[in-house]
Structures are given as structure tokens and as C-alpha cells.
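Spelled out, the chains give:
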Amino acid sequence: MPERKLHVSLGLTQLDLLGRCVGNTGSVLRVGFPQQCLEDGPLGIRPTDNVTAFPAGISTGATWSKDLMYQRGVALGEEFRGKGINYYLGPSVGAIGRQPRGGRSWEGFGSDPVLQAVASAATIKGVQEQGVIATLKHYVANEQEIYRMYNPLQQAYSANIGWLRIGIRRFL
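So, here's what we can say about the structure. What you see is a predicted model, and the numbers here were worked out from it, not measured in a lab.

Cut-off values and rules
Residues numbered from 1 in each chain as written. Predicted model: local features only at pLDDT ≥ 70, side-chain atom pairs only at ≥ 80, totals over all residues. Heavy atoms only, no water. 1 Å grid on protein atoms, 1.4 Å probe; cavity = no way out; pocket = protein on both sides within 12 Å on 5 of 7 lines; lining within 4 Å. Points joined across faces, edges and corners; volume = space filled by probe spheres on them. Nonpolar A, V, L, I, M, F, W, Y, C, P; charged D, E, K, R; others polar. Core = buried A, V, L, I, M, F, W, Y, C linked by side-chain atoms within 4.5 Å. Buried < 20%, exposed > 50% of the residue type's maximum accessible area, 1.4 Å probe, protein only. Contact = heavy atoms within 4.5 Å. Helix = DSSP H or I, 4+ residues; strand = E, 2+ residues; numbered from the N terminus. Expected span 1.5 Å × (residues − 1). Polar contact = N/O pair within 3.5 Å; in protein donor to acceptor, adjacent residues only side chain to side chain. Patch = residues over 30% accessible without salt bridge, like charges linked within 9 Å, V, L, I, M, F, W, Y side chains within 5 Å. Areas by Shrake-Rupley, 256 points an atom, 1.4 Å probe, with all protein chains shown as cover. Salt bridge = Lys/Arg side-chain N within 4 Å of Asp/Glu carboxyl O. Lys, Arg positive; Asp, Glu negative; His and termini not counted.

1. Concerning unusual backbone geometry
So, step 1. Between Gly90 and Pro91 the backbone carries a cis peptide bond, its omega angle lying at 5°.
So, step 2. One non-glycine residue, Asn50, lies in the positive phi region at around 55°.

Structural data, given as C-alpha cells:
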């Protein structure tokens, strides 16, 4: 029993070259729990072929249209579902415009917290109505860029963590 729980919760990453998505859970077919596919993509599904490059969150937020935000969520959900993806690792919220040159500010819907809440709710509703689970991410300190991608062994300067990934780089 403990090894089944470990298999489901540990999963595989794309870097293991065994999974088809950014993250894959293990399966326990004996009890009817299939493998789950988790995929990132602020502009849509990546990295694969025959998909749409959707407008960035910041562009979507600039419309101030709840209907367009919802329609974008529906379209994202349809593509994710069509590729067999169970979890959309998005939408992204958090960047509040404190660091204009921050590398990830474009993923969020804008600097207004109400706009981010409304846009996220509309996107999540659209995605989840297609049978894909949306996971809100980066809602704390997403603008921290100092040493964000520097060294996996150094102290974490970024709160930009979706899940803990160990073994990204082999120890030298």
C-alpha cells in the first residue's frame, strides 16, 4: 500500500524522459486510478505540435472582457483535453508590476488584484468545464528573479515553485 501511494504522489517529470507531460503521476490500475498528465503552458500547451499559441495573460487582462477571458479558458481546456492532458498548470496570477523587467509578469493578467481574480475565475471556469483541472499558480512573490534559475542547491530565493522537483540537474 505505501508503495502505491508513493508511486501516485511522486510521479515522473519530463526530465525523466519517461513521461509525456511536464509532470505525470503514477497509476494504480488495480484500484482504477489512471496516470495523470500535468502540463504547463501560459500560452497554451507546450512543448508539442499542432496546438494554438493563445494570447498571453497580460494581453487577455488588457481586454477587461470577462466573456473573452472565459472563451480563452474554454479554448485552452478543449486543447488540453484533446491532447489527453488532465491538469492545466495555470492560470498564473501574482505579478503586480513591481518589477517591470521581471521575466514572468506577462503570464499574469495585470497588476490589478481584482482584474486577476476575475480573469482567473473566468479562465478556470472555462478550462474546468472541458473536463480539465486548472491549478492556480505563482500567487506569492512571482516577481523575484534574483538567482531564480541559478543553482538547485542554493537557498531558495524564489517563491516561484509549483512543486518540488529534485534531480533537475545532476550533481557535479
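2. Here we look at empty space enclosed by the protein
So, step 1. Inspection of the entire model under this criterion finds one cavity of 30 Å³ or more.
So, step 2. Lining the largest cavity are Gly41, Pro42, Arg72, Tyr88, Leu89, Gly90, Pro91, Ser92, Glu107, Phe109 and Lys137.
So, step 3. Taken together, the residues that form the lining of the largest cavity break down as five nonpolar, three polar and three charged.

3. Thoughts on the nonpolar core
So, step 1. With eleven residues, the main nonpolar core is built from Cys21, Cys37, Ile45, Phe54, Leu76, Phe80, Ile85, Tyr88, Val127, Val132 and Ala134.
So, step 2. Not counting residues up to four positions away in its chain, the partners in contact with Phe80 are Glu39, Asp40, Gly44, Ile45, Ile85, Tyr87, Tyr88 and Val132.
So, step 3. If you look at the next biggest cluster of nonpolar residues, it comprises five residues, including Met69, Phe109, Ala119 and Ala122.

4. Quick look at helix α4 (residues 113–128)
So, step 1. End to end, α4 covers 22 Å across 16 residues, agreeing with the expected 22 Å (1.5 Å per residue, within 8%).
So, step 2. Where α4 is buried, its residues touch α2 (57–63), α3 (66–82), β4 (87–89) and β5 (133–134).
So, step 3. The backbone nitrogen of Val114 lies 2.9 Å from a side-chain oxygen of the residue at the head of α4, namely Asp112.

5. Quick notes on a nonpolar patch on the surface
So, step 1. On the surface, a nonpolar cluster with roughly 240 Å² of combined accessible area is contributed by Leu43, Ile58 and Trp106.
So, step 2. Tracing the backbone shows Leu43 in the loop between β3 (37–40) and α2.
So, step 3. Residue class for Leu43 comes out partly exposed when judged on its relative accessible area of 34%.

6. What about the side chain of Arg72?
So, step 1. Here Arg72 shows up in helix α3.
So, step 2. Comment: no salt bridge for buried Arg72; closest opposite-charge side chain is Glu107, at 9.0 Å.
So, step 3. Leave out the neighbours within four places in its chain, and Arg72 touches Pro42, Phe54, Pro55, Ala56, Gly57, Thr60, Phe109 and Thr123.

7. Observations regarding α3
So, step 1. Between the first and last C-alpha of α3 there are 24 Å, a value that for 17 residues agrees with the 24 Å anticipated at 1.5 Å per step.
So, step 2. What α3 keeps buried is the set Met69, Arg72, Gly73, Val74, Leu76, Gly77, Glu79 and Phe80.
So, step 3. Taken together, the buried residues of α3 touch β3, α2, β4 and α4.

8. Remarks on the environment of Ser59
So, step 1. Here Ser59 shows up in helix α2.
So, step 2. Note on Ser59: relative accessible area 39%, which makes it partly exposed.
So, step 3. The sequence separation of Ser59 and Glu107 amounts to 48 residues, and the corresponding C-alpha distance is 9.1 Å.

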